[in-house]
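# Residue-level structural notes
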Amino acid sequence: MAATLALGTVLLCGCGEARVDAADDLCVQYDQLVEKADSLQEIDPDTATVGEVRDQVEEVQDQLDALQAVAEGQLDTLISTLRTAVGDLVAAASDAGQEALDVARPLIEDTVDDVREAWATLEQAADVKCGEA
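Residues numbered from 1 in each chain as written. Predicted model: local features only at pLDDT ≥ 70, side-chain atom pairs only at ≥ 80, totals over all residues. Heavy atoms only, no water.

So, about the packing of aromatic side chains. Each aromatic ring pair is characterised by the separation of its centres together with the angle its planes make. Summed over all chains, the structure comprises 1 aromatic pair. Look at Tyr30 and Trp119: their rings are 6.1 Å apart centre to centre, the planes differ by 20°, and that puts the pair in the stacked class. Here Trp119 lies in helix 5 (residues 101–129) and Tyr30 lies in helix 2 (residues 26–41), a separation of 89 residues in the sequence. For the pair formed by Tyr30 and Trp119, the shared burial category is buried. (Phe/Tyr/Trp six-rings, centres within 6.5 Å; stacked < 30°, edge-to-face > 60°. Helix = DSSP H or I, 4+ residues; strand = E, 2+ residues; numbered from the N terminus. Buried < 20%, exposed > 50% of the residue type's maximum accessible area, 1.4 Å probe, protein only.)

So, about unusual backbone geometry. Of note in this structure, Glu72 is not a glycine but carries a positive phi near 50°. Along the chain, Glu72 falls in the loop between helix 3 (50–71) and helix 4 (76–96).

Attention now moves to a negative patch on the surface. Negative charge collects at one region of the surface, where Asp44, Asp46, Asp88, Glu109, Asp110, Asp114 and Glu117 lie side by side. It is helix 5 that provides the largest number of residues to the negative patch, a total of 4 residues. (Patch = residues over 30% accessible without salt bridge, like charges linked within 9 Å, V, L, I, M, F, W, Y side chains within 5 Å. Areas by Shrake-Rupley, 256 points an atom, 1.4 Å probe, with all protein chains shown as cover. Salt bridge = Lys/Arg side-chain N within 4 Å of Asp/Glu carboxyl O. Lys, Arg positive; Asp, Glu negative; His and termini not counted. Charge placed at Lys NZ, Arg CZ, Asp CG, Glu CD.)

Right, let's talk about the side chain of Asp127 for a bit. Examined against the element boundaries, Asp127 turns out to sit in helix 5. Nearest to the buried, unbridged Asp127 among oppositely charged side chains is Lys129, at 12 Å. Looking at Asp127, its side chain comes within polar contact range of the side chain of Tyr30, at 2.8 Å. (Polar contact = N/O pair within 3.5 Å; in protein donor to acceptor, adjacent residues only side chain to side chain.)

Turning to the state of the cysteines, a few remarks are in order. Considering all chains together, one arrives at 1 disulfide under this definition. Note that Cys27 is cross-linked by a disulfide to Cys130, the S-S spacing being 2.1 Å. With the S-S dihedral at roughly -100°, the linkage between Cys27 and Cys130 falls on the left-handed side. One end of the pair, Cys27, is in helix 2; the other, Cys130, is in the segment after helix 5, with 103 residues separating them in the sequence. The exposure class assigned to Cys27 is buried, which follows from its relative accessible area of 7%. Since its relative accessible area comes to 16%, Cys130 is described here as buried. (Disulfide = S-S within 2.5 Å.)

Have a look at this one:
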């Protein structure tokens, strides 16, 4: 994980450069991703419905797409890791179906932990890039 963080940090360039368009600004897109990721991390694996998980994951994936579009390859590895963890979360919830969700709760809890870990790595790299660290 440290190697991934170091790689992400090295590949990042400054967000203090002149702003052209908020949609093209890495730090603006990152801030929007923070909002979506915070909502996703608030999901309670003990009470979440399949629909809630799916909706939250879809919003995060859409924002990951927007971030990746402006990152110009700089964060691809970190974004891919987070995208995989988020996809695994919705798969764990969807595969179980609402009726079997109680049985799947431990798997969902594991995938939530994976999302949190992947998010923390991307967050650290982007915070360095955007001057939040």
